[in-house]
Structure formats: C-alpha cells, structure tokens
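Examination of the molecular architecture
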Amino acid sequence: SVFQVAYMLVMATKAKELLRDTDLLAVLTAALCHDADHPGVSNDFLIHAESPLSLLYNDVSVLENHHCRTAFEILLMDDQGIFKGLTHDERTEVRRAIVSSILATDMRYHASYVSRMRVVAEAHQQDPESEVPLDIDKEQDRQLLMDMLVHCADLSGQTMKHSLARQWGQRVLEEFRQQTVLEKKRGLPTLPFMMDLHDPLKQATTQKNFISFVVEPLWKVFCSVFHEVEHLHKSLCENLDAYKMEEARLLEAREKAESEPQSQDESKSVTLSKEDVKKMLSKPDEDDPPRIPRTLSS
C-alpha cells in the first residue's frame, strides 16, 4: 500500500512537475523497498536486545539501514535490473535519494520533517496562487519532497476509509502486542503505549493519540502545500473522530460497570475451611474436565 499511495501522491499532485525522472524512480523504489526484510519489531527492541543488526549499525536507524542494505543487495544482483539504462552519475544520484527517503521513515526524524515542511507550507500560504516554493534545481529541495512523499505514504494507513484504516491499525497494534510478549520474556523494557493493547479501550486511545500527535500534523502540512489530496486529510480527521467516539463509548461503559453495586452473591464474603480446600483439591467429579498435570501447565 505504501508504494501505491506514493504513486498516487506523485501522479495526483504537482510533485511530478517538481521532480526529475530519476527522482521519481528513487521515490517509487524507496516506497517499494522501505520495509524490506522487516523483522516485526521496533528499533528500540533491537537496540535493547543488543541484536546483531543494532551492533552493525551502531544503534542508529537500525531497521531503516537494514532495509536500505537489503534493497540494494537485491537491486544490484542483476546487471540487467532497473538501473540498467542509467549512467554512473545517475545511479549514484538515485541510490543517494533512495537511501535518504528510506532513512526518512525512521520516526525519530518525524518532527524534523514536519517542521521543515511547515516552513514550505507557510511560504506557500502567503501566496497560494504561486507555485510550490520548492526549487527543482536544488537537490536539497527535491530530496525534501522525496522524503516527504515516502514518509507520508508510510503513514497513510489512517487516511483510508475507516473500514480499511481500522484493519491497518489492528495489524500494527497486534505487532506491538507480540513485541511486548518478547520483551517480557527477555526482561527488556516496554514502552507504555505498547502495554495492555488487548484492551479495546487502550486500542482506541492509542489510535486516537497516534493520529492526533503524529499523523495529522504531518498530513496537514503536506496537504496545505498539495491541495489536490486534501481529501486524504479529511478522511484522516474523520477516522480520528471515529476513534474518539469509540474511546468515549468504551470509557462510559467501563465507568458504568465499575459504579454499579455488586449483587448480593458477588459481594458475599466466603471463608474456606481446611476441609473445604481438601475437597476442592480431591479427585474431580466425572463431569469435570480432566486436569492438566502441573508439569505441563506451569
């Protein structure tokens, strides 16, 4: 989906007029390869686990560097590949652009990219009828646009209609949940937002916060420059409202359940004698399910 969204962003906006052919090749290749050989865990997990990858890349953009390396190992296996018709200088330029665009998907740089794009957006708002204030002759400007295209495409799951956005969100949350299981087994620290993701209320809150503080600011500045895809920002905000409503509904239901008095049977205290305990631990009735041996259930 990241490749498809990146292609759509290029073709639906003025980005295609601001980028050269080699830039377009770099953007689409980066979008296609940005998660190559992803192990399903985060950079923090790999760093805390002192994994071979984290040691190889000195704890810096571990996954993103790995994706780049994996991509080029594949791309350069065949001399007749997609770079066949490029000159040496063009191949160097395209490789540099691909690496930059994939490294831009590291969330540690997210705030920086939003800030840099906001500068472009503010300049454009001063004269909306003017061209996008990016200089096609400046490599730095073109690279910023390429990085933003791939980064936005990577964070596009919640811009889709709610039924699809919800599925993407659930898959990401499940990946986080599985990571916490590994972290617990290895005694590694777990980020607070990854905890208790089996709880529907925590899921709704996590999605709400993710859109509010991460995704929406990014798409807001991008769409303020490229108005052609404003509908994606609108869809994103609609999904945000849906998660807010879900969170409020679940929170109300939980508070109601907690405030309701317990029934007489539930509130009645029970005292077990030694004889009661012995009976409970004795041979089960024939109608009871067989007990699992302690050696297997522990």
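In this text, all values refer to a predicted model and were calculated from it rather than measured experimentally. (Residues numbered from 1 in each chain as written. Predicted model: local features only at pLDDT ≥ 70, side-chain atom pairs only at ≥ 80, totals over all residues. Heavy atoms only, no water.)

The next point concerns the side chain of E183. As for its position among the elements, E183 is in helix α10 (residues 162-186). For the buried residue E183, which engages in no salt bridge, the nearest side chain bearing the opposite charge is R186, 9.6 Å off. Dropping the residues within four chain positions of it, E183 is found in contact with F45, L188, P189 and T190. (Helix = DSSP H or I, 4+ residues; strand = E, 2+ residues; numbered from the N terminus. Buried < 20%, exposed > 50% of the residue type's maximum accessible area, 1.4 Å probe, protein only. Lys, Arg positive; Asp, Glu negative; His and termini not counted. Salt bridge = Lys/Arg side-chain N within 4 Å of Asp/Glu carboxyl O. Contact = heavy atoms within 4.5 Å.)

Another aspect to go through is the side chain of Q143. Within the secondary structure, Q143 sits in helix α9 (residues 139-154). By relative accessible area, which is 11% here, Q143 ends up buried. Not counting residues within four places of it along the chain, the set of residues in contact with Q143 comprises R96, A97, S100 and S101.

What follows deals with unusual backbone geometry. Positive phi values are uncommon outside glycine, yet D37 reaches one of about 60 degrees. Inspection of the secondary structure puts D37 in the loop between α3 (21-33) and α4 (43-48). One non-glycine residue with positive phi stands out, namely E50, at about 50 degrees. Here E50 shows up in the loop between α4 and α5 (52-56).

Bringing a nonpolar patch on the surface into the picture now. Together, F3, Y7, M11 and L32 give the surface a local cluster of nonpolar side chains, amounting to about 410 Å² of exposed area. It is helix α1 (residues 2-12) that contributes the most residues to the nonpolar patch, 3 residues altogether. (Patch = residues over 30% accessible without salt bridge, like charges linked within 9 Å, V, L, I, M, F, W, Y side chains within 5 Å. Areas by Shrake-Rupley, 256 points an atom, 1.4 Å probe, with all protein chains shown as cover.)

L9, L149, W219, F222 and F226 are the most contacted members of the largest nonpolar core, which totals 56 residues. Element by element, the count of residues in this core is highest for helix α11 (residues 200-225), at 9 residues. The next biggest cluster of nonpolar side chains, apart from the first, holds 7 residues, and it includes F45, L46, Y57 and V62. (Core = buried A, V, L, I, M, F, W, Y, C linked by side-chain atoms within 4.5 Å.)

Further remarks concern the environment of F45. Position of F45 relative to the elements: it lies in helix α4. Under the relative-accessibility criterion, F45 is labelled buried at 5%. Along the chain, F45 and L191 lie 146 residues apart, while their C-alpha atoms are 9.8 Å from each other. Leave out the neighbours within four places in its chain, and F45 touches Q179, L182, E183, R186 and L188.

Time to look at α9. In a regular helix each residue adds 1.5 Å, so 16 residues correspond to 22 Å; α9 covers 22 Å between its end C-alpha atoms and thus fits that length. Extensive coverage of α9 is indicated by the burial of 13 of its 16 residues. (Expected span 1.5 Å × (residues − 1).)

Purely geometric stuff here, so don't read any function into it on its own.
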